[in-house]
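Chain residues, written in single-letter form:
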Amino acid sequence: MAAVRASRQESGAADGRRELTVEANGEGPVRRRVALALSVAALAPLAVTLVLGILLLGGAAGASASFHAALDRWLLVSTLVGGVVAAALAGLAAREMLAPLRRLAAAASKSAAELEARVAERTGDLERAHAELEAKSRRGEEADHLKSAFIANMSHEIRTPLNSVLALSQLLRDGVAGPLAVEQRRYLEVIERNGQGLLHLINDILDLSRIEAGHMDIDTHSLDVEPQVEAVVDALAPLAAAKGLDLVAVLPPDLPPIRADADRFRQILTNLVNNAVKFTESGQVRVSAEARGDAVTLHVTDTGVGVPDAYRDKIFQEFFQVDQTLVRRQGGTGLGLAIARRLARLMGGEISVESVVGKGSRFSLRLPRAADDRRETVARSSAAPPAFDGPLPPSRVLVVEDNDDNLFTLRQVLARLPLDLTFASNGRQAIDACRREMPDLVIMDVQMPGMTGLQATGAIRGLPGGGDVPIVALTAQAMKGDRERILAAGCDDYVAKPFQPKELTDAVVRLLRRDAGDETIDGRAAPAAGQPSDSTTQHGAHNPRR
């Protein structure tokens, strides 16, 4: 801004200098007139005196005294007249010389005033422009905040009903409500498949929002590729088998580890393999890998429809779809590849594609090789849960949940455990129940009207014996920092909705056994908020009381 102001000031000064130059160009004729006047003023009395002197010298011998007196008087008069004339001409010359200077001074003053006015005007324009930019910036920040709040609220509102849909579907498939007929199982498969589709959709939207806001956390480790690939292939094998496709993984035995976030690596690979299966009607989907230099590249090759040359870069744009007919048949939002490429770049890698229409495509994921070749076992969400020996002792559990459908779901999920369940529909009821009799464990919904679950947790911690009761948080909040905020509020564990029944029961059993035996729980990291969990997902223990 200072540079712009200086540039405009220099421009105004240049205009003023041009005006002064034009004014100064009129000095030549004036100076010539002044010089002529001075010459006349100086020569006129000199000429008169010279003439009189010649006459005086020429006639000095025979001249009379009266002649000499008259000549002296003329000489005196001419000298006086010449002096007066010279003085008058000198004054006139001075006025003539000062006139252009006065005009120059007036022009300079006018130019300076105009320049000052222009500078003030430009400064005002810049200040107004700066104020407009600040206002736009504030509106942009407010819009980002509102968007984040909307996405968080939308995530909560979708996850809450999905929790009952998916959990009760799982219980039905497990035969909790009795044996099912083949047709009933097919109904449940459709319900679960569409419920998972909705969950994947909200996860994609959350991921894109986090990436755009710069809030996506990437935790890279030295990671073995083979077990991660096997896990993805095993998970998607039923989908490929249903279409009659061969889904195979062929990896070299000496493949070095990569530097990557395990959860995000599986997310990228799952997207690439799922897309390959989705858009391949017959043939094979193959996962292979190779190490070159300081990178490891995984290839997902299919025999599907292929991608036209004109669309190879566009398929990585948000919401872009090559063939709407295929999209309507196969489903999808057009976010998967866009998120996959952004995640790969956040880990220092890249995704590229080679394709021939009608013959297939090969998507290549290149990631940096780990700094060393140590095959680290990364204890993350894919780690096996710790084993617990012995029967679970009967325990009193307080369930705090304001949604009737979720309350029914929780009752059904926990029915298989030897638990004496009591229920509260809001935070104040939970505090009153704990004041009357402190339970062995509390399952606390986080988002409730009036008093939130975190506020109720803090109040329970202040009651006699409340500092030792394990509290499991249940929440559909899945934005950045939600998990950390919940654990910091005093909760011992965190289960994100929608959850698998085994996920919740494992957390309940683990905390009850720990409390009964005063065991030390490993500080394993909980899965990132908003990520779908399977039956082996473990949550981090948070014990602020000891």
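Residues numbered from 1 in each chain as written. Predicted model: local features only at pLDDT ≥ 70, side-chain atom pairs only at ≥ 80, totals over all residues. Heavy atoms only, no water.

Student: I'd like a rundown of the overall build of the chain, residues and numbers included.
Tutor: Secondary structure assignment for the chain yields 13 helices and 12 strands. The long-range share in the chain, meaning contacts at least 24 apart out of those at least 6 apart in sequence, stands at 73%. For the chain, the accessible area works out to roughly 28,500 Å², and carbon and sulfur atoms hold 57% of it. (Helix = DSSP H or I, 4+ residues; strand = E, 2+ residues; numbered from the N terminus. Contact = heavy atoms within 4.5 Å. Areas by Shrake-Rupley, 256 points an atom, 1.4 Å probe, with all protein chains shown as cover.)

Student: Got a sec to walk through the sheet that holds strand β4 (residues 284-292)? Specific residues and values, please.
Tutor: Within the open sheet, the five strands sit side by side as β2-β4-β5-β7-β6. Their pairing is mixed. Strands at the two margins of the open sheet, each flanked by one partner only, are β2 (246-250) and β6 (350-356). Strand-to-strand twist of the sheet, defined as the mean angle between neighbouring strand axes without regard to direction, takes the value 15 degrees. Inspection of the sheet shows β4 paired to strand β5 (residues 295-302) by eight bridges, in the antiparallel sense. Paired with Glu-290 across the bridge in β5 is Thr-297. (Pairing = 2+ DSSP bridges. Axes fitted to C-alpha atoms, helices over the stretch in contact; angles between N-to-C directions.)

Student: Lay out the packing of helix α6 (residues 262-278) against helix α8 (residues 336-346) with the relevant residues and their values.
Tutor: Packed helix pairs are characterised by how far apart their axes lie and by the angle those axes make with each other. The geometry of α6 relative to α8 is characterised by a closest axis approach of 10 Å and an angle of 145 degrees between their N-to-C directions. Between α6 and α8 lies a crossing whose hand is left-handed. Between α6 and α8, the residues in contact are Arg-264, Gln-267, Ile-268, Asn-271, Leu-272 and Asn-275 and Gly-336, Leu-337, Ile-339, Ala-340, Leu-343 and Ala-344, respectively. When grouped by side-chain class, the residues that make up the contact of α6 with α8 number seven nonpolar, four polar and one charged. (Left-handed = near helix turned anticlockwise from the far one by under 90°. Nonpolar A, V, L, I, M, F, W, Y, C, P; charged D, E, K, R; others polar.)

Student: Describe in detail the pattern of salt bridges, supporting the description with residues and values.
Tutor: Taken as a whole, this structure holds 18 salt bridges when the rule is applied. Glu-437 is the partner of Arg-396 in a salt bridge, and the nearest nitrogen-oxygen pair spans 3.3 Å. Residue Arg-396 is found in strand β8 (residues 395-400), and its partner Glu-437 is found in the loop between α10 (427-436) and β10 (441-445); the two are separated by 41 residues along the sequence. For Glu-401, the salt bridge identified is with Lys-497, shortest N-O distance 3.2 Å. (Salt bridge = Lys/Arg side-chain N within 4 Å of Asp/Glu carboxyl O.)

Student: Report on the pairing of β4, specifying residues and quantitative values.
Tutor: In this sheet, β4 lies alongside β2 in parallel orientation, the contact comprising five bridges. Note on β4: the bridge partner recorded for Val-248 is Arg-286.

Student: Account for the pairing of strand β12 (residues 493-496), naming residues and giving values.
Tutor: Where burial is concerned, the two faces of β12 agree: the one with Asp-493 and Val-495 and the one with Tyr-494 and Ala-496 are both buried. The pairing of strand β11 (residues 471-475) with β12 spans four bridges and is classified as parallel. Looking at the pairing, Val-472 lines up with Asp-493 of β12. (Buried < 20%, exposed > 50% of the residue type's maximum accessible area, 1.4 Å probe, protein only.)

Student: Tell me about the confidence of the model for the chain, and please be specific about residues and values.
Tutor: Residues of the chain with pLDDT of at least 70 account for 70%, and the chain-wide mean is 76. Mean pLDDT values over the elements of the chain span from 48, in helix α7 (residues 324-330), up to 94, in β5. Below a pLDDT of 50 lies the segment residues 518-546, which in the model reaches 79 contacts outside its immediate sequence neighbourhood of four places, other chains included. (pLDDT = per-residue confidence, 0-100.)

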